[in-house]
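Structural overview for review
As a plain string of letters, each chain reads:
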Amino acid sequence: MSQDSALRARAARVIPGGMWGHLDAKKLPEGYPQFFARGEGGHVWDVDGRRYVDLMCSWGPIVLGHHDPAVDAAARKQAEMGDCLNGPGPVLVELAERLVDRIPAADWAMFQKNGTDATTACVTIARAATGRSTILMARGSYHGAAPWCTPVPAGTTEADRAHQLRFEYNDVASLEAAAAAVGDDLAAILVTGFRHDNIVDQELPTPEFAQAARAICDRKGAALIVDDVRAGFRLHAGGSWETVGVRPDLSAWSKAIANGHTLAAVTGRDSLRDAATRIFVTGSFWCSSVAMAAAIATLEELERRDVVGHIAALGQRLRDGLAERARGANVGLRQSGPVSMPLFLFDGDTDFAIGRAFCQATLEEGAFLHPRHNMFLCAAHTEADIDAVLAASEAGFAAIKGLR
């Protein structure tokens, strides 16, 4: 029995289902590991010693690379002084200052631990500021795992989803119709940095859609919230919607903010400062200092190394290489969304059998991909890593030859 199999058997006895949430490897093709021993740079090793080029990057938090030296050094230094104390350390103020300096739409910052914490705080602040209830959200968008936003309704009630209305991402007419249907009760429009719904082609926001969302909020006195938990710091240093020239009133951040250390943040405009002061949101570990020190180091490295440009160049290399190989194999491969957060789906693959077979074959060749979720590149990845993934993809295209 492999180490991974043994750990799964032990986990099944003491953990419901053996694993929960999006990290549950049972949702992936056979052969994918559940447990990992370590990570270094752009690679991970499973508990059985197999090494992979890591194109999931811990589902997004790793933006510089596993065990980035600068981040590790900052975290160790802070840990020696203290982490979870009776109140925050000075790093809280320094990190807030850095975010306000870095993000054009930020006049203040608050900190949490997970992306769900941050999106929930944004919604709460918007409702406190406006005295209204209804939130407009794009159909299919993922904003976290709390009862108000989880994509799986088990254990939730209709009341948890009250005061929500849906529109189609990038569809101005749909957004305008939803805003009109709300009338005077619109508290906020909540939208992801780009459309990254699971199992569908991704879409970058169009300028027209972003401008319409901004105009509606201005007209109705509502808050525009950009959920930048997944894309933040990967598409633009100041926030994903800087790419379309639209600035939100509130933004939610997590994942890449501290290169794998547990942290989330909300940033906002001065017009919402009073509302952010009046609400009550808190957590025993929300002001832990080690993650904040790691975040400061992460932000410094993001600026020093032009990570956005680096991962975009690598992403284009990957996209072009996969497209060339797909043409050679006469396979319909759709690649969508930002090149630094790649997603590929196969034409006609309604049950994802082709995608699963493709990724299963590439895994055996040392490339850790996902058959239906967007992936992530990091600063530690190299052209050689991308070329290794492309070489592994040739085994993937060979494996699906009889499935089309």
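Read on for a plain summary of the structure. (Residues numbered from 1 in each chain as written. Predicted model: local features only at pLDDT ≥ 70, side-chain atom pairs only at ≥ 80, totals over all residues. Heavy atoms only, no water.)

**Quick notes on the sheet that holds strand β2 (residues 43–46)**
An order of β1-β2-β3-β13 is seen for the 4 strands of this open sheet, with the pairing classed as mixed. Both outer strands of the open sheet, β1 (36–40) and β13 (367–368), are each paired with one neighbouring strand and no more. Bridging between β1 and β2 involves 4 bridges; their strand directions are antiparallel. Considered in β2, the bridge of R38 is made with W45. Sitting on the sheet, helix α11 (residues 383–399) touches β2, β3 (51–54) and β13, and the angle it makes with β3 is about 110°. (Pairing = 2+ DSSP bridges. Helix = DSSP H or I, 4+ residues; strand = E, 2+ residues; numbered from the N terminus. Contact = heavy atoms within 4.5 Å. Axes fitted to C-alpha atoms, helices over the stretch in contact; angles between N-to-C directions.)

**Concerning the nonpolar core**
Core analysis: the biggest nonpolar cluster contains 62 residues, and L99 and L369 have the highest contact counts within it. Broken down by element, the residue count for this core peaks at 9 residues, all from helix α8 (residues 289–305). In this structure, L99 is in contact with A106, A109, F111, F233, I257, A265, T267 and L299, ignoring residues within four places of it in sequence. (Core = buried A, V, L, I, M, F, W, Y, C linked by side-chain atoms within 4.5 Å. Buried < 20%, exposed > 50% of the residue type's maximum accessible area, 1.4 Å probe, protein only.)

**A few points about unusual backbone geometry**
Residues other than glycine seldom take positive phi values, yet C57 does so here, at roughly 50°. By relative accessible area, which is 1% here, C57 ends up buried. Non-glycine residue I199 carries a positive phi angle of around 65°. Here I199 is to be found in the loop between β7 (186–192) and α6 (207–220). For I199, a relative accessible area of 37% translates into the label partly exposed.

**Re the side chain of Q112**
Considering the arrangement of structural elements, one finds Q112 in strand β4 (residues 108–112). Polar contacts involving the side chain of Q112 include one to the main-chain carbonyl oxygen of M110, which spans 3.4 Å. Contact partners of Q112, with chain neighbours within four places excluded, come to D117, A118, L263, A264, A265, V266 and W286. (Polar contact = N/O pair within 3.5 Å; in protein donor to acceptor, adjacent residues only side chain to side chain.)

**Let's talk about the packing of helix α3 (residues 91–102) against α8**
Between α3 and α8, whose axes approach to 9 Å, the crossing angle comes to 30°. What the angle tells us is that α3 and α8 run roughly parallel. Where α3 crosses over α8, the handedness of that crossing is left-handed. For the pair formed by α3 and α8, the contact residues are V91, L92, E94, L95, R98, L99 and R102 on the first element and S289, M292, A293, A295, I296, L299, E300, L302 and E303 on the second. Class assignment of the residues belonging to the contact of α3 with α8 gives a composition of 10 nonpolar, 1 polar and 5 charged. (Parallel < 35°, antiparallel > 145°, perpendicular 65-115°, else oblique. Left-handed = near helix turned anticlockwise from the far one by under 90°. Nonpolar A, V, L, I, M, F, W, Y, C, P; charged D, E, K, R; others polar.)

**With respect to the state of the cysteines**
Per the stated rule, a full pass over the model turns up 0 disulfides. You can see C149 has no disulfide; the closest cysteine sulfur is in C122, sitting 12 Å from it. Taking relative accessible area as the criterion, C149 reaches 8% and is therefore assigned buried. (Disulfide = S-S within 2.5 Å.)

**Let's talk about the pairing of strand β5 (residues 134–138)**
For β5, the tally of buried residues reaches 5 of 5 residues, placing the bulk of the element in the interior. Both faces of β5 are covered, namely the face carrying T134, L136 and A138 and the face carrying I135 and M137. Inspection of the sheet shows β5 paired to β7 by 4 bridges, in the parallel sense. Residue L136 lies in a different strand from β7, and its bridge partner there is I189. Two strands pair when backbone bridges link them, and β5 and strand β6 (residues 164–167) are joined in this way by 4 bridges, in the parallel orientation. Of the residues in β6, the one forming a bridge with I135 is Q164.

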